[in-house]
Structure formats: C-alpha cells, structure tokens
Number of protein chains: 2
Amino acid sequence: MMDPFQAHCKMEVTLAVISGKWKADIVQMLSDGSPRRYGFFQKNLPEVTPKILTNQLRELENAGILTRVIYPEVPVRVEYQLTEAGLDLLPILEAMERWALSYIEKIQQRGCEM
Amino acid sequence: MMDPFQAHCKMEVTLAVISGKWKADIVQMLSDGSPRRYGFFQKNLPEVTPKILTNQLRELENAGILTRVIYPEVPVRVEYQLTEAGLDLLPILEAMERWALSYIEKIQQRGCEM
DNA sequence: CAGAATCCAAGGTGATACTG
DNA sequence: CAGTATCACCTTGGATTCTG
C-alpha cells in the first residue's frame, strides 16, 4: 500500500486508504456497523486467498478504518468492525457505486458492449 | 491500469478509473471545465515524467474521462478537457478531499505525528 | 478458526535519452 | 510542443503449503 502520509495531494490520502483489490468490498461488508469475523469475509469473497485477505484487513486496520478484536476463546474468535473514519467512508463508496452505474450506461451508449 | 470491465463490484470500476498516481490531480486541474494543454500539466506537476504524464492522460482518455483534441497548427496544439463523465467525478474527488482532512485530524489525535 | 511462510508473476512507476 | 523508446525497479496480488 502506498504511504498515505507522503501523498502529494489530499485526495491521494483517501485513494491510498481504499486502493486495494478487496478493501472496498470489506468496508461495504461492515457498512451496517456490526462486527464480522474472518470466516465471513472468506465465505463472501471466495476468490480471495487467506494471505491477501489478511493483508487487506491489516492494512485497513493500520490505516484506522477498522478495528480487530481478538477474543481468546477456544477456538479463537476475531471480530472486525468499522471505526468512525471507516463509517465516514461509506458515503464516498456509495457515490462511487452510483457514478459507476451512470458511467457504464454512458459507455454502453458510446458503443462498447459489456 | 486495471480493466474496469472485469471488476468484481461497481465501486471497483470507479477506483480503476481514478487509480493512478496523477489522475486525480489531472482531473482536478480540469475541474473548471476549460481545456488545458500538455505543457500545463507538466508545469503544475513538475515531478511527473513525460512518459508517465502521457500514460495517465491516455488512460483517462480511453476511460472516457477526458477528451484529447489535436489542432494541427505549427507548432502543434493539443487540448485536454473533461467529458460529462469526468465532470461527474468532481463531487467524489471533493468528498475524498474532505474525508482526508477529517482523517488526518483524527489520526493526529490518535497520537501519530505527521 | 484464523491465520503465517515462501515463492513468484504482473504491472505500475520512474530515469534517461531521443523525435515528428 | 507534445510527445516516444528502452530499461529497470518495486509494490501488489496470488498459488500453495503449513500452523498455534
């Protein structure tokens, strides 16, 4: 992940935080505010390998987008949950989703088939 | 650039379009709607090399975010201008800028110096 | 259950020099 | 003026295998 703190403009900070193949998906899966477990992401993102999933979760954690809480039970339970900064990201992700829909329409009209 | 059309979710489409080290800057430089020339970007982004600048401009052009118009004068003049889709991107970039500001504040309070 | 370790391929970025 | 061409690095993502 690119270091958000050496970005040359503010937008780059945000882009650095959410750029990552599965980060937007992860944040969206936590969008209702409730905590989710590692296996939940694995189940809903069948294509992502454990290494990559852990990597994306850790980078989001280090960026302060989500928290990782370990419950030392047997078997161990780990819960991920959005922070306030993470919740603040949701409107942007929704706007990105809306833009993409409109964009896809425009592109189709332009003559590209999908 | 990652192909927006093989994204696994809509948000990825938008991310694919604006992910690129200088793309957000370029779009913002065109935000008032008026056309800008190659040299303008070079002057305002002194760190970017010609190859990369051309690369970022071409990817934005291929994505339909901006247009590239060549005026066959001597010397040649090339003007870049945002499309409708590009203009629609501006609110998102502004939201990203605002989020980054709030984020930086929060991080500083958390104890990280910048 | 929730990862960690190792190895590897791809592509995005950049330095440098050159051109229609 | 507005680019191209070549070479090289380095980060990101991924396949596979293994573990507290």
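Residues numbered from 1 in each chain as written. Chains lettered and ligands numbered in written order. Predicted model: local features only at pLDDT ≥ 70, side-chain atom pairs only at ≥ 80, totals over all residues. Heavy atoms only, no water.

Both copies of the chain are related by a screw-like operation: a rotation about an axis and a shift along it. Between chain B and chain A, which share one sequence, the superposing operator has a rotation angle of 180 degrees and an axial displacement of 0.0 Å; the RMSD is 0.0 Å. Here the transformation between the copies is reduced to the relation of a two-fold axis. By C-alpha distance to the rotation axis, the residue of chain B lying nearest is Ile92(B), at 3.3 Å. Interface overlap between copies: 100% of the residues of chain B at the interface are likewise at the interface in chain A, consistent with a symmetric, same-surface contact. (Least-squares fit on C-alpha atoms with pLDDT ≥ 70 in both. Contact = heavy atoms within 4.5 Å.)

Note the cis peptide between Val74(A) and Pro75(A), where omega equals 0 degrees. By the element assignment, Pro75(A) lies in the loop between strand E2 (66-71) and strand E3 (77-82). (Helix = DSSP H or I, 4+ residues; strand = E, 2+ residues; numbered from the N terminus.)

A few words on the packing of helix H1 (residues 10-18) of chain A against helix H5 (residues 84-110) of chain A. All names here are of chain A. Viewed as axis vectors pointing N to C, H1 and H5 meet at an angle of 85 degrees, and their least axial separation amounts to 13 Å. Between H1 and H5, the crossing angle belongs to the class labelled roughly perpendicular. Residues Thr14, Val17 and Ile18 of H1 touch H5, and the partners they reach there are Leu89, Leu93 and Met96. Of the residues that constitute the contact of H1 with H5, the class distribution is five nonpolar, one polar and no charged. (Axes fitted to C-alpha atoms, helices over the stretch in contact; angles between N-to-C directions. Parallel < 35°, antiparallel > 145°, perpendicular 65-115°, else oblique. Nonpolar A, V, L, I, M, F, W, Y, C, P; charged D, E, K, R; others polar.)

To continue, consider the UniProt feature "domain: HTH hxlR-type" (unreviewed entry) in chain A. Look at the UniProt record and you will see "domain: HTH hxlR-type" (unreviewed entry) annotated at residues 9-108 of chain A. Annotation note: span residues 9-108 of chain A, helix share 61%, strand share 14%, distance between end C-alpha atoms 33 Å. (UniProt positions renumbered as here; feature names shortened; annotations may be inferred.)

Attention now moves to the interface of chain B and chain A. In this assembly, 41 residues from chain B lie in contact with 41 residues from chain A. Taking both partners together, chain B and chain A bury about 3700 Å²; carbon and sulfur atoms supply 73% of that area. Along the contact surface separating chain B from chain A lie four salt bridges. Across the salt bridge formed by Asp88(A) and Lys106(B), the nearest N and O atoms sit 3.1 Å from each other. Inspection of the chain B/chain A interface yields 12 residue pairs in polar contact (both at pLDDT 80 or more). Secondary-structure elements contributing two or more residues to the side of chain B that touches chain A are helix H1 (10-18), helix H2 (23-29) and helix H5 (84-110) of chain B. Of all the elements, H5(B) adds the most residues to the side of chain B that touches chain A, at 18 residues. A breakdown of the residues in the side of chain B that touches chain A according to their chemical character gives 24 nonpolar, eight polar and nine charged. (Buried area = accessible area lost by both parts, 1.4 Å probe. Salt bridge = Lys/Arg side-chain N within 4 Å of Asp/Glu carboxyl O. Polar contact = N/O pair within 3.5 Å; in protein donor to acceptor, adjacent residues only side chain to side chain.)

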